[in-house]
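Reading the structure
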Amino acid sequence: MLRISRWMWWLVSGIFVIVSLIIFNDAWFWPGKALSAPEMAYRKEFFNFFDSVTNLLLTLILIIFLISLVYWLNKLERKKLFTTLIIGCSLLLQLYLAFNFKGSQGIDDFDVRQQAAFLAAGSHQWSTYFYFGPNSGAAIFFALVYQLSRVIGLGYNTVITNLAVMILLDLAVWSGWLILKRHEKTNAQESYLLLCTIFIPLYLTSLFTYTDPLALTFLMFGFSSLDAVFNQKQPVTKVWQKYLLLIGTGVFLALAVYLKTNTAIAVIAVLIFIFFNRKSFKKTFLLLVVFLMAFAITTQATSVFQKNVYHYKVVKNESFPYSYWIAMGLNSKSEGSSVGAWQDIAKYHTYQGWSKHTQKLIKQRLKQMGVSGLLGLHRKKMNSQWSLGTVGTEMRNYGLTAEVPQSYSNFFGNQRAPLQEIQQIVYLAVWLLALIEGTFCFRRARQQIGQIEYLLMLYIIGVFLFHTLMWEVMPRYAFITIIPLIMLAALGTADFTNWLKLHKFTQRGYRLATIVNLGLVVGIIWGGFNNLHYTKTIVQANEPVISQQFFRQEALQLQPNQQISEKLFLPRAASLIQTSVLPYPQKGLTLKIANRTRQVKIKNYQNGTQPIKQLPTGNYQLTLKNESQVPIKINYFKVEPLDILQQPISGSTKRYLSFALMNPVKNAIYPSISYWLIFLIALAMGGLNAVYLFNKIKTV
C-alpha cells in the first residue's frame with residue numbers, strides 16, 4: 001500500500017506540473033483569447049495587456065524579488081516588521097474598498113441581495129431564481145448579516161455585508177497561513193501573505209454577494225483542520241483531538257458544498273488524500289467513516305435548517321437537470337460558457353422537457369464535433385476559465401449603486417487596464433512558482449507521504465478537469481482555487497530558496513544571476529517604450545453617477561394623465577439618462593427630472609440612453625406621466641429599501657423605477673501616471689534584486 005501511495009502522489013504532482021504549464025502558457029501568450037465568440041466579443045474591450053515579452057520580464061522580476069525578500073527576512077525582528085506591514089496594508093485596502101464601494105452587479109448577486117433582504121424582513125417567500133440558482137445558502141448568510149445590521153440600527157447596510165465577507169476571507173487566508181506555519185517552511189508564510197495582499201481580485205470579489213468567497217472560506221477551514229490531523233512536523237498527539245479535527249473537516253466541507261456545489265471536488269480530493277496516506281487499512285477505514293459521517297450529517301442538517309427555518313424547497317419543475325449544464329459545457333459556439341444557453345431550451349417548459357432535450361443536445365454535439373472538435377473545445381475552455389488573472393472581476397461593474405466613488409473607473413470602469421495588467425503579472429508569477437513547487441513535489445513524491453501540498457494540487461486538478469471536461473466555464477470559477485494556489489506558490493518560493501542554499505550557489509552563479517537581473521531591467525525599460533501606445537489610445541464609456549438598473553421587473557399600469565415619481569439624490573453632476581421603464585415601445589410617456597432650480601423634460605420618452613442638460617449635485621424628483629389617451633405599462637422592481645437604492649416610488653415602500661444617470665467619459669486605456677508607475681515599481685524591484693545579489697556575491 002505504501003508503494004502505491006507514493007506512486008499516487010508522484011502521478012498527482014506530475015499531472016499538476018502539466019496543468020500548470022498549460023495555464024501559465026495561456027496566461028502568458030493568450031490571456032482571454034478563447035473569449036472570441038460573437039456573443040462574447042464585448043469582453044475584448046477590457047483586455048489590454050502588455051506584450052508577452054514584457055509580461056514575462058515583469059513576472060521574472062517579481063519572482064526574483066520574492067526570493068530576495070526571503071533572504072532579507074533572515075531575522076525575527078524583520079519578519080515581525082514585514083508581517084505587521086503587510087497585514088496593515090491589507091486591512092487598509094479592505095477598509096477602503098468596503099466603505100467606498102457600495103453597489104451590486106444587477107444579475108445573480110442582486111438576486112441574492114434581494115432575497116436576503118426579504119428573509120431578514122421576515123418574508124420567507126423565495127424568488128423563482130432560487131428554484132434553479134444554487135445560491136440559497138448565500139442568501140441565508142447575507143440575511144443573517146442584514147439582521148445583525150438592522151439590530152444595530154444600520155438597516156440594510158452594504159458596508160456591513162462587505163466587511164462580513166472580507167472578515168471571512170481574512171479567516172480563510174489565516175487558515176492557509178496556519179498550514180504553512182505547521183510545515184515550518186522558511187519564510188513561506190511571509191511570501192504567502194504578500195501574494196494574498198497584492199492579488200486584488202481576492203478582495204474585489206467580496207464587493208459582490210456571490211457564493212465564491214464564502215465557499216472558499218469554509219473550504220480553507222476544512223483543509224486546515226485536515227492538515228492538523230496528518231501534519232508530521234507538529235503532530236496532534238491525542239486521538240480524540242485528531243477525530244475532533246476530522247469531524248471539523250467534514251462539517252466545514254459540507255458547509256462549503258452547501259454554499260457552492262462544485263466544492264464537492266474538495267470532498268473527493270480529501271477522500272483520495274486520506275485513502276492514499278500512510279495508515280493501516282483499519283485506521284484508514286475509520287478515518288473515512290468519521291469524515292463521511294460528519295459530512296453527511298452536516299449536509300442533512302443544512303437541508304433541514306433551510307427548509308424548516310427559512311421554508312426553502314427545490315421546485316423540480318423549475319430547476320435545471322444536470323444534462324443542461326453538461327450540454328452548456330459542450331456548446332462550441334460559446335466555448336462552453338453560459339452564453340446563449342437559455343435559447344437552447346426556451347421553448348420547453350418542464351423539467352422532463354429540458355432533460356430530454358439537453359440529453360439529445362449532448363449526443364448531437366459530441367457527434368458533430370468528433371474527437372478533434374472535442375479536444376479543440378476543451379483547449380478553448382481551459383483558456384477561457386484559466387488564462388485571466390482577474391478571475392472574473394474583469395466583467396464586474398455596478399448596475400445598482402446610490403453613489404459611485406471617484407476611483408470607480410480604476411477598478412470597474414474604463415481605466416481598469418493598469419490594475420488588470422498588474423494582476424496578470426501576479427497571476428503569472430503565482431502559477432510559475434506553483435509549477436516550481438509541483439516539480440519539487442514530483443521529485444520527492446516517493447519519499448514523502450501525507451503532505452498538504454498533494455491535497456492542494458489534487459483539488460486544483462479536480463476543479464480544472466471538472467470544468468474542462470464536463471461543466472460550463474467562466475473566469476470566476478477559478479476563484480475557489482486561488483488561496484490553495486497561492487499557498488503552493490509560497491511553498492515554491494521557499495523550496496527554491498532552500499534548493500539554492502543546499503546546492504551552494506557559487507559566486508559565479510550569483511554573478512550570472514546579476515547579469516540576468518540587469519538584462520531584465522533593460523528589457524523592462526524597453527517594454528515601457530514598446531507599450532507606450534496604450535497611453536495614447538482613447539476609450540469611451542458611460543460612467544454611472546447613480547444607477548438602479550433592474551434585470552427582472554414587474555409591470556404596473558399608468559392611466560391617462562396619471563403620474564408616478566421617485567425622489568433621488570445626485571452626488572455629482574450628470575449629463576446622460578438611461579432607463580428601462582417601458583416593457584415595450586409605447587407612445588405618450590413624458591419623463592421629467594426636476595428640483596426647485598433645474599428641470600429636464602422629455603416628451604414621448606422611450607427606453608435607452610439619451611443626453612440631457614447637465615444636472616448639478618442635489619436632490620431631484622424623477623416623474624413619469626402618461627399624456628396619452630390610453631393606459632401605459634411601466635416597469636418597476638420590488639425590493640426592501642437597500643442603501644444602494646434611491647427612495648421608493650411615492651406612495652410605496654418597496655417599489656423602484658429602473659434608471660441611471662451617467663456621464664460620458666474619454667480616457668486613455670493606460671493613464672500616463674498609472675502606466676509609468678508599473679514600470680517604476682518593476683525597476684525598484686530590480687534594484688532591490690541587485691542589492692540582494694551583490695550581497696550574496698560578497699558572502700559566498
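Up top you'll find the structure we're talking about.
What you see is a predicted model; the values in this text were computed from it and never measured.

Analysis parameters
- Residues numbered from 1 in each chain as written.
- Predicted model: local features only at pLDDT ≥ 70, side-chain atom pairs only at ≥ 80, totals over all residues.
- Heavy atoms only, no water.
- Helix = DSSP H or I, 4+ residues; strand = E, 2+ residues; numbered from the N terminus.
- Contact = heavy atoms within 4.5 Å.
- Areas by Shrake-Rupley, 256 points an atom, 1.4 Å probe, with all protein chains shown as cover.
- Lys, Arg positive; Asp, Glu negative; His and termini not counted.
- Charge placed at Lys NZ, Arg CZ, Asp CG, Glu CD.
- Pairing = 2+ DSSP bridges.
- Patch = residues over 30% accessible without salt bridge, like charges linked within 9 Å, V, L, I, M, F, W, Y side chains within 5 Å.
- Salt bridge = Lys/Arg side-chain N within 4 Å of Asp/Glu carboxyl O.
- Buried < 20%, exposed > 50% of the residue type's maximum accessible area, 1.4 Å probe, protein only.
- 1 Å grid on protein atoms, 1.4 Å probe; cavity = no way out; pocket = protein on both sides within 12 Å on 5 of 7 lines; lining within 4 Å.
- Points joined across faces, edges and corners; volume = space filled by probe spheres on them.
- Nonpolar A, V, L, I, M, F, W, Y, C, P; charged D, E, K, R; others polar.
- Axes fitted to C-alpha atoms, helices over the stretch in contact; angles between N-to-C directions.
- Parallel < 35°, antiparallel > 145°, perpendicular 65-115°, else oblique.
- Left-handed = near helix turned anticlockwise from the far one by under 90°.
- Expected span 1.5 Å × (residues − 1).
- Phe/Tyr/Trp six-rings, centres within 6.5 Å; stacked < 30°, edge-to-face > 60°.
- Lys NZ or Arg CZ within 6 Å of the ring centre and 35° of its normal.

**What about the overall build of the protein chain?**
Each helix and strand counted, the protein chain has 22 helices and 12 strands in total. Each principal axis of the C-alpha atoms in the protein chain carries an extent, and together these give about 90 × 60 × 60 Å. By sequence separation, contacts in the protein chain at least 24 residues apart represent 82% of the contacts at least 6 residues apart. Accessible surface, the protein chain as shown: approximately 30,100 Å² in total, 63% of it carbon and sulfur. Once the 65 positive and 29 negative side-chain charges of the protein chain are each reduced to a mean point, those two points are 4 Å apart.

**Considering the sheet that holds strand 10 (residues 632-638)**
Sheet architecture is open: 3 strands sit in the order 3-10-11, paired in antiparallel fashion. The open sheet terminates on both sides in strands that have one partner only, identified here as strand 3 (554-558) and strand 11 (655-656).

**Concerning a nonpolar patch on the surface**
Judged by side-chain polarity, I525, F529, W676, L677, L680 and I681 come together as a nonpolar surface patch covering roughly 590 Å² of accessible area. Broken down by secondary-structure element, the contributors of at least two residues to the nonpolar patch are helix 21 (507-530) and helix 22 (672-699). Sort the elements by how many residues they give to the nonpolar patch and helix 22 lands first, with 4 residues. Note on placement: W676 falls in helix 22. With relative accessibility at 31%, the residue W676 sits in the partly exposed group.

**Observations regarding the layout of surface pockets**
Taken as a whole, the second largest pocket spans an internal volume of roughly 1,100 Å³. Lining the second largest pocket are 36 residues, with L62, I198, I422, I681 and M685 sitting closest to its centre. Mapped onto the lining of the second largest pocket, the elements with two or more residues apiece are helix 2 (52-72), helix 3 (76-100), helix 8 (188-198), helix 17 (408-411), helix 18 (417-444) and helix 22. Ranked by residues supplied to the lining of the second largest pocket, first place goes to helix 22 with 10 residues. A breakdown of the residues in the lining of the second largest pocket according to their chemical character gives 28 nonpolar, 7 polar and 1 charged.

**A closer look at the pattern of salt bridges**
A side chain with one charge may pair with a side chain of the opposite charge, provided their charged atoms come close. Enumeration over the complete set of coordinates arrives at 9 salt bridges. For D227, the salt bridge goes to R182, with nearest N and O atoms at 2.7 Å. Taken as a pair, D227 in helix 10 (residues 212-230) and R182 in helix 7 (residues 158-183) lie far apart in primary sequence, 45 residues in all. When its relative accessible area of 3% is taken as the criterion, D227 is described as buried. Note that D212 and K260 form a salt bridge whose closest N and O atoms lie 3.5 Å from each other. With a gap of 48 residues between them, D212 in helix 10 and K260 in the loop between helix 11 (239-259) and helix 12 (264-275) connect regions that are remote in the sequence. By relative accessible area, which is 1% here, D212 ends up buried. Overlapping salt bridges bring together E437, R444, E453 and D495 as one network.

**Focus: the packing of helix 2 against helix 18**
With their axes 9 Å apart at the nearest point, helix 2 and helix 18 run at an angle of 60° to one another. Here helix 2 is positioned oblique relative to helix 18, judged by the angle of their axes. The hand of the helix 2/helix 18 crossing is right-handed. Along the contact surface, helix 2 presents N55, L58, T59, L60, L62, I63 and L66, while helix 18 presents E421, I425, V426, L428, A429, L432 and L433.

**A short note on the pairing of strand 2 (residues 538-548)**
The two faces of the sheet receive side chains in turn, since in a regular strand these alternate between them. Across 2 bridges, the pairing between strand 1 (residues 400-401) and strand 2 is antiparallel. Within the sheet, the bridge partner assigned to T401 lies in strand 2 and is S547. With 10 bridges joining them, strand 2 and strand 12 (residues 659-668) adopt antiparallel strand pairing. Paired with I538 across the strands is A668, a residue of strand 12.

**Regarding the side chain of Q306**
Positionally, Q306 belongs in helix 13 (residues 281-308). You can call Q306 buried: its relative accessible area is 9%. Setting aside residues no more than four positions away along its own chain, Q306 makes contact with S136, I140, Y258, H311 and Y312.

**Concerning the sheet that holds strand 2**
One open sheet accounts for 5 strands, arranged 1-2-12-5-8; its pairing is antiparallel. Of all the strands in the sheet, just strand 1 and strand 8 (608-615) have a single pairing partner and so form its edges.

**Examining helix 22**
With 28 residues, helix 22 ought to run about 40 Å at 1.5 Å a step, and its terminal C-alpha atoms sit 41 Å apart, in line with that. Listing the buried residues of helix 22 in full gives Y675, I678, F679, A682, M685, G686, N689, A690, Y692, L693, K696 and I697. Buried residues along helix 22 sit against helix 2, helix 18 and helix 21.

**As for the packing of aromatic side chains**
Counting across every chain of the model gives 49 aromatic pairs. For the ring pair Y534 and Y670, a centre distance of 5.2 Å and an interplane angle of 40° mean the geometry is tilted. Placement of Y534 in the loop between helix 21 and strand 2 and of Y670 in the loop between strand 12 and helix 22 is noted, with a sequence separation of 136 residues between them. Y670 shares its class with Y534; the two are buried. Three or more aromatic residues link up through ring pairs in this structure, and these residues are F50, F529, Y534, Y670, Y675, W676 and F679. Geometry around Y636 places R655 over its ring, the cationic atom sitting 4.4 Å from the centre.

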